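Listed here are the chains, written in short residue letters.
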Amino acid sequence: MSWRDLYCGELRSDHIGKRLTVAGWVDTRRDHGGLVFIDLRDHTGKLQLVVNPERAAEAKDAAHELRNEFVVQAEGEVVARAPEAVNPNLPTGEVEIQVDTLRILSRSTPLPFQLDEENVDETLRLRYRWLDMRRDKMQHNFRVQHTAIAGIRRQMDALGFVDVWTPSMTRGTPEGARDFLVPVRLQPGKFFALAQSPQLFKQLCMIGGIDRYYQIATCWRDEDLRADRQFEFRQLDLEMAFVEREDVLDVMEQAVVAAFEAVGDEAPARPFERISFDEAVAKYGNDRPDRRFGMEIQDATELTRNSEFGVFKNAPAVRYIVAPKAFSRAELGRLEDLAKEWGAKGLAYIVVDESGEVRSPIAKFLSEQELAAFKAEPGSTVLFGAGDEAAVARVLGLLRLHLGRELDLIDTTRNDFHWVLDFPLFEQDEDTGQWTFLHHPFTAPMPGQETWDESNPEGVRGQHYDLIWNGWELGSGSIRIHDVELQERVFRTMGVSDEEQQSKFGFLLEALAMGAPPHGGFAMGIERFVAQLANEPDIRQVVAFPKISSGADPLTGAPTPMPNEVLRELGISAIAPENSSSR
Ligand code: ASP
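Note that the structure is a prediction, hence the values are computed from the model and not measured.

Chemist: Sorry if this is basic, but what is going on with the overall build of the protein here?
Modeler: Counting its regular elements, the protein contains 15 helices and 23 strands. With the C-alpha coordinates aligned to their principal axes, the bounding extent of the protein is approximately 95 × 75 × 55 Å. Each of the 583 residues in the protein was classed as buried or not, and the buried ones make up 48%. In the protein, the proportion of contacts linking residues at least 24 apart, taken out of those at least 6 apart, comes to 67%. Side-chain charges in the protein split into 65 positive and 95 negative, and the spacing between the mean points of these groups amounts to 4 Å.

Take a look at the structure:
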């Protein structure tokens, strides 16, 4: 016996007159004066069963027992629905099955929420993810994900990439996050780190002559969870030997396009636009700009150099954005609070109201020339940032994004894919003054910039590139260092002693000294990509069993404390009170 002859969503008028067996979940049950109507559901859709007590007395008894989400099997005859009962919104809506036998295969306890209920608390949905997954939207998301990944894999294969598995348990790879640690029973007191990425292994694959490596690799990073971050996530991770930047960008674009084509969406035009890091920060205040709306940051540093307004005159940078709305005093107060939260001292403004009238506490300090330069359209507000360059960019960038959303300026029909290029190789830690890497320490400097003052590498650019989709950083990559001396110079500049270089990265330095080809690569976050593809606001909607922001898994209750005997065997002891980890 087979459980079913076809899927629920496949029933059509061609089947009229046939006897068929179907199986699935009870989506709804409606009693209508003796007749019982059941919507039966599986991942392909719904069909209608009709149980007529005059036709099938036993089935009627079973039908009365049914509750939502029971699993049933039904056998009967496919008939046309009466014309007034046809449901044009359902592909199966012209027909129904007159049931002869109905078997309850599995029952369900009362549900913690109904599948079609709106605004169910997300933690509750995740606690009962197996129910949540039955919803159309979730089914759709997982299938889009599968199809996109399958498209990417086919493309990688066609381009000659070889899927090589690399270890999850390794030494820490510096990707800028904390490591998750794995204690080792055979070596008590010692730990593996879960790979933050396969970065060094993929480079070793190049040195090992693999030529083109890829993997849909799981990565682990101990960071605070956000809309686009989970502790564990997957990347399309790739590396190529004997390539330049353009070769890597070209492959990544092909992978993205293959995924769009696989899911049947219109692919973004290639080549994707490229902008420099400097331009991104200057115009949008950050290095992953959302360019689906304007309101670009403009510079007024020179213009205000001799301003009467001291705040402008003395600031290393003065910049502004023009919002298409004449804000009220209360609204400006709220914006100023936000700007202060983001690190601004205040928020200077000029409001030009609908009649062209100017409202501004600073207008009296500004010259005719300054006012004329800032003169905006009626019904707008000029918002200023003044201070050091990085802070001004950050605050105005955040303000721009906030207002873009608030004023509904974002063109959500647009898909903006672009590359950000020409990043600085190093950045200075604000607190310690120590120079550190911007991407990771294996990124090569721009050709011709291989030497620098090791105590002040400001201005050295790296061959690092980021892929941005609608303001989300999808991933990063770079051309790598394949020269051992250059690698040592980068480590020294970051203050990594010779000893530490040897102890942490000795294997890499050794490999680089044994015939390393020029190479470069990229990694793109799969969940970020798929969430955007599925039009979801956060990656939890495309992760089967995600963690919530406290870092817990509401479904299994992990993480949990461990008994002392277990810890002892691993050579560790817990100092946190046991109940602090059971949040
Ligand atoms: N390993 C890098 C990352 O995970 C990507 C790369 O440089 O290829 O961001």
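Chemist: I would appreciate a short explanation of the sheet that holds strand 7 (residues 169-170) in the present structure.
Modeler: Sheet strands pair by backbone hydrogen bonding; their relative direction is either parallel or antiparallel. In spatial order, the strands read 7-9-8; together these 3 strands make up an open sheet with antiparallel pairing. The sheet is open, and its two edges are formed by strand 7 and strand 8 (181-183), each paired on a single side. Two strands pair when backbone bridges link them, and strand 7 and strand 9 (residues 191-194) are joined in this way by 2 bridges, in the antiparallel orientation. Note on strand 9: the bridge partner recorded for Thr170 is Ala193.

Chemist: For this particular structure, what's the right way to read a negative patch on the surface?
Modeler: A contiguous patch of negative charge on the surface is contributed by Asp388, Glu427, Asp429, Glu430 and Asp431. Looking at where Glu427 falls in the secondary structure, it is placed in strand 19 (residues 426-428). Residue class for Glu427 comes out partly exposed when judged on its relative accessible area of 38%.

Chemist: Quick question: what am I supposed to make of the site of the ligand here?
Modeler: As a structural note, the neighbourhood of the ligand is formed by 14 residues, with Glu175, Gln199, Lys202, His439 and Arg480 the closest of them. Lys202 places a polar side-chain atom, nitrogen or oxygen, 2.6 Å from an oxygen atom of the ligand. Separating an oxygen atom of the ligand from a side-chain N or O atom of Gln235 is a distance of 3.0 Å. Calculation on the ligand without its partners gives an accessible area of 270 Å², and the protein chains cover 95% of this total. For the shell around the ligand, the elements supplying multiple residues, two or more each, are helix 5 (199-207), strand 22 (472-479) and strand 23 (519-525). The element best represented in the shell around the ligand is strand 23, accounting for 3 residues. Counted by class, the shell around the ligand contains 2 nonpolar, 8 polar and 4 charged residues.

Chemist: Help me out: how do you make sense of helix 4 (residues 136-158) in this one?
Modeler: Along an α-helix, a turn takes 3.6 residues, which lines up residues three or four apart on a common side. Across its 23 residues, helix 4 extends 33 Å between first and last C-alpha, which sits within 8% of the 33 Å expected from 1.5 Å per residue. Met138, Gln139, Asn141, Phe142, Val144, Gln145, Ala148, Ile149, Gly151, Ile152 and Met156 are the residues of helix 4 that are buried. Positive phi appears at Gly160, one or two residues downstream of helix 4, with a value of about 85°.

Chemist: Help me understand the side chain of Arg221, please; the structure alone is not making it clear to me.
Modeler: Checked against the element boundaries, Arg221 lands in the loop between strand 10 (212-220) and strand 11 (232-241). The side chain of Arg221 sits in the buried core without any salt bridge; Glu175 is the nearest counter-charge, 4.1 Å away. A polar side-chain atom of Arg221 sits 2.9 Å from the main-chain carbonyl oxygen of Gln196. If we skip the residues at most four places from it in the chain, Arg221 touches Glu175, Ala177, Arg178, Phe180, Gln196, Ser197, Gln230, Phe231, Phe233 and Gln235.

Chemist: Help me out: how do you make sense of the pairing of strand 5 (residues 95-106) in this one?
Modeler: The pairing of strand 3 (residues 45-51) with strand 5 spans 2 bridges and is classified as parallel. Bridge pairing in strand 5 places Leu49 opposite Ile97. Across 10 bridges, the pairing between strand 4 (residues 71-80) and strand 5 is antiparallel. Across the sheet, residue Ala74 finds its bridge partner in strand 5, namely Leu102.

Chemist: Got a minute to help me understand the nonpolar core in this structure?
Modeler: In a soluble, globular protein the nonpolar side chains are often hidden away together inside. Residues Leu236, Leu238, Leu467, Met524 and Phe529 are the most contacted members of the largest nonpolar core, which totals 63 residues. No other element matches helix 6 (residues 245-263), which puts 8 residues into this core. Ignoring sequence-local partners within four residues, the contact set of Leu467 consists of Met252, Val256, Phe272, Phe417, His418, Trp419, Trp472, Glu473, Leu474, Gly475, Phe522 and Met524.

Chemist: What am I meant to see in the pattern of salt bridges here?
Modeler: It is possible for side chains bearing opposite charge to pair when their charged atoms get close. As enumerated under the stated definition, the model contains 43 salt bridges in all. Residue Glu65 is joined to Arg107 by a salt bridge in which the shortest nitrogen-to-oxygen separation is 2.8 Å. Of this pair, Glu65 sits in helix 1 (residues 57-65) while Arg107 is found in the loop between strand 5 and helix 2 (122-127), placing the two residues 42 residues apart along the sequence. Since its relative accessible area comes to 37%, Glu65 is described here as partly exposed. The shortest N-O distance in the salt bridge between Lys325 and Glu331 comes to 2.7 Å. The structure contains a network of salt bridges with shared partners spanning Arg19, Arg55, Glu75, Glu77 and Asp100.

Definitions and limits used
- Residues numbered from 1 in each chain as written.
- Predicted model: local features only at pLDDT ≥ 70, side-chain atom pairs only at ≥ 80, totals over all residues.
- Heavy atoms only, no water.
- Helix = DSSP H or I, 4+ residues; strand = E, 2+ residues; numbered from the N terminus.
- Buried < 20%, exposed > 50% of the residue type's maximum accessible area, 1.4 Å probe, protein only.
- Contact = heavy atoms within 4.5 Å.
- Lys, Arg positive; Asp, Glu negative; His and termini not counted.
- Charge placed at Lys NZ, Arg CZ, Asp CG, Glu CD.
- Pairing = 2+ DSSP bridges.
- Patch = residues over 30% accessible without salt bridge, like charges linked within 9 Å, V, L, I, M, F, W, Y side chains within 5 Å.
- Areas by Shrake-Rupley, 256 points an atom, 1.4 Å probe, with all protein chains shown as cover.
- Salt bridge = Lys/Arg side-chain N within 4 Å of Asp/Glu carboxyl O.
- Near = heavy atom within 4 Å.
- Polar contact = N/O pair within 3.5 Å; in protein donor to acceptor, adjacent residues only side chain to side chain.
- Nonpolar A, V, L, I, M, F, W, Y, C, P; charged D, E, K, R; others polar.
- Expected span 1.5 Å × (residues − 1).
- Core = buried A, V, L, I, M, F, W, Y, C linked by side-chain atoms within 4.5 Å.

Function cannot be inferred from these measures alone, as they are strictly geometric.
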